[in-house]
Amino acid sequence: MNAISKRIAKRQRVERLDLVFSALSDPTRRALLSRLAEGPGTISELAAPFKMSLPALSRHIRVLERARLIRRRVEGRVHRCWLFPEALSDIDQWLEGYRGFWGAALNSLAEYVERKGSGGSNRRE
Amino acid sequence: MSSAKDQAAAIGVSNSTAALVVRRRIRAPASELFAAWTDPAQLLQWWGPKGVVCTEAILEPRVGGAYRLGNRLASGRVVWITGEFERFVPPSELVFSWRVDGQAGLAERVTVQFMPAGDSTDVIVTHEHIADATTRSEHEMGWVGCLAGLSRLVADRTPGAQSS
């Protein structure tokens, strides 16, 4: 992949991640995902536990769809939704990336102060 | 199956503040570690993982102060990390925004706590991806860890829902 397409891919990943985090920032949407983790459901089935109008709930569903966290299929007059867990792998990657980064940074900090403590203050290679 | 439901249920109710937490006990006093983190001359010496060299460190050590860190990767490319301090409490706590290469979209937020543990200090880094201002004020980021677990467990399930 050349430098330009790498940059585009990276920006798309950042935007997707922003969409996912935005989608997840709402407790109703998180609850919807919990419910869908147990199996697919129609909009009416999903709306049942919430004291919310169907249009309001549909708006939440659309946000989750735009973030690619769920997928929807129209079956006659019924819209059935599924969890689409691949979107969550973007979060996984983000977590793993930074977990590695911060783990290594703290190791470096530890080595630095412990080297100082033992009398030396050599610059790290 | 019951652990799957437990995991899923945790998503709906979690309201803890951590998105990603990394901690390490270091044999040094908190004041020394706080200084290492906020003194540009020291940051130049330790900042970053192995293979990454800190090329430049500029920092205004106060709330609202800005910081700027140059990170030279093995490839030679320099990545800039920038942000501002939201909290600056020596020797206990730093909270700052975090942007890599002036990234578009929403900034992230890092909290570093230095907690005394005898002769040592527990350094605790919390890294949050802030979805929007509402989320930032409501501290509703605990679900990220739960969701990472969810994606793994859903991937393990026999797909009926995943085949589309």
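Residues numbered from 1 in each chain as written. Chains lettered and ligands numbered in written order. Predicted model: local features only at pLDDT ≥ 70, side-chain atom pairs only at ≥ 80, totals over all residues. Heavy atoms only, no water.

J.: Looking at this structure, I do not really get the overall build of chain B. What am I missing?
T.: Check the secondary structure of chain B and you find five helices and seven strands. Scored against the burial criterion, the 164 residues of chain B give a buried share of 48%. Accessible area for chain B stands at about 7,500 Å²; split by element, carbon and sulfur atoms hold 53% of it. (Helix = DSSP H or I, 4+ residues; strand = E, 2+ residues; numbered from the N terminus. Buried < 20%, exposed > 50% of the residue type's maximum accessible area, 1.4 Å probe, protein only. Areas by Shrake-Rupley, 256 points an atom, 1.4 Å probe, with all protein chains shown as cover.)

J.: Can you walk me through the nonpolar core in this structure?
T.: The nonpolar side chains of a soluble globular protein tend to be buried with one another. Counting residues in hydrophobic clusters, the biggest one holds 64 residues, and the most contacted among them are Leu-69 and Trp-102 of chain A together with Trp-37, Trp-47 and Trp-98 of chain B. If you tally residues by element for this core, the top one is helix α5 (residues 86-117) of chain A, at 14 residues. The contact partners of Leu-69 of chain A, leaving out residues within four places of it in the chain, are Val-20, Ala-23, Leu-24, Leu-33, Leu-64, Trp-82, Leu-83, Phe-84, Ala-87 and Leu-88 of chain A. (Core = buried A, V, L, I, M, F, W, Y, C linked by side-chain atoms within 4.5 Å. Contact = heavy atoms within 4.5 Å.)

J.: Explain the side chain of Thr-28 of chain A to me, please; I cannot follow it from the model alone.
T.: Along the chain, Thr-28 of chain A falls in helix α2 (residues 27-37). Not counting residues up to four positions away in its chain, the partners in contact with Thr-28 of chain A are Phe-50, Met-52 and His-60 of chain A.

J.: Which parts of the structure should I look at to understand the sheet that holds strand β1 (residues 41-42) of chain A?
T.: Sheet strands pair via backbone hydrogen bonds, and the direction of the pair is either parallel or antiparallel. All names here are of chain A. Read across the open sheet, the three strands follow the order β1-β3-β2; overall the sheet is antiparallel. Each edge of the sheet is formed by a strand with only one pairing partner; in this case those strands are β1 and β2 (70-75). Inspection of the sheet shows β1 paired to strand β3 (residues 78-83) by two bridges, in the antiparallel sense. For Gly-41, the partnering residue across the bridge sits in β3 and is Cys-81. Contacting β1, β2 and β3, α2 runs over the sheet at an angle of about 85° to β3. Here helix α4 (residues 54-66) sits on the sheet and contacts β2 and β3; the angle it forms with β2, its principal contact strand, is near 120°. (Pairing = 2+ DSSP bridges. Axes fitted to C-alpha atoms, helices over the stretch in contact; angles between N-to-C directions.)

J.: Quick question: what am I supposed to make of the packing of α2 of chain A against α4 of chain A here?
T.: A pair of packed helices is characterised by two quantities: the angle between their axes and the separation of those axes. All names here are of chain A. One way to put it is that α2 packs onto α4 with a least axis distance of 10 Å and a crossing angle of 75°. Considering their axes alone, α2 and α4 lie roughly perpendicular with respect to each other. Each of Thr-28, Arg-29, Leu-32 and Leu-33 in α2 lies in contact with α4, whose residues at this interface are Leu-57, His-60, Ile-61, Val-63 and Leu-64. (Parallel < 35°, antiparallel > 145°, perpendicular 65-115°, else oblique.)

J.: Could you clarify how one ought to interpret unusual backbone geometry in this entry?
T.: Trans peptide bonds make up the majority, and among non-glycine residues the majority have a negative phi. Cis geometry is adopted by the peptide bond preceding Pro-91 of chain B, which originates at Pro-90 of chain B and carries an omega value of -10°. Backbone geometry places Arg-68 of chain A, a non-glycine residue, at a positive phi of 60°.

J.: Whenever I open this one, the sheet that holds strand β2 (residues 53-59) of chain B confuses me. Can you help?
T.: On the basis of which strands lie adjacent, the open sheet formed by seven strands has the order β1-β7-β6-β5-β4-β3-β2 (chain B) and antiparallel pairing. A single partner strand is all that each edge strand has here, and the edge strands are β1 (20-26) and β2 of chain B. For this sheet, the mean angle separating the axes of adjacent strands, direction not counted, is 20°. Running over the sheet, α5 of chain A touches β1, β5 (93-100), β6 (108-117) and β7 (120-129) of chain B and is turned about 15° from β1 of chain B.

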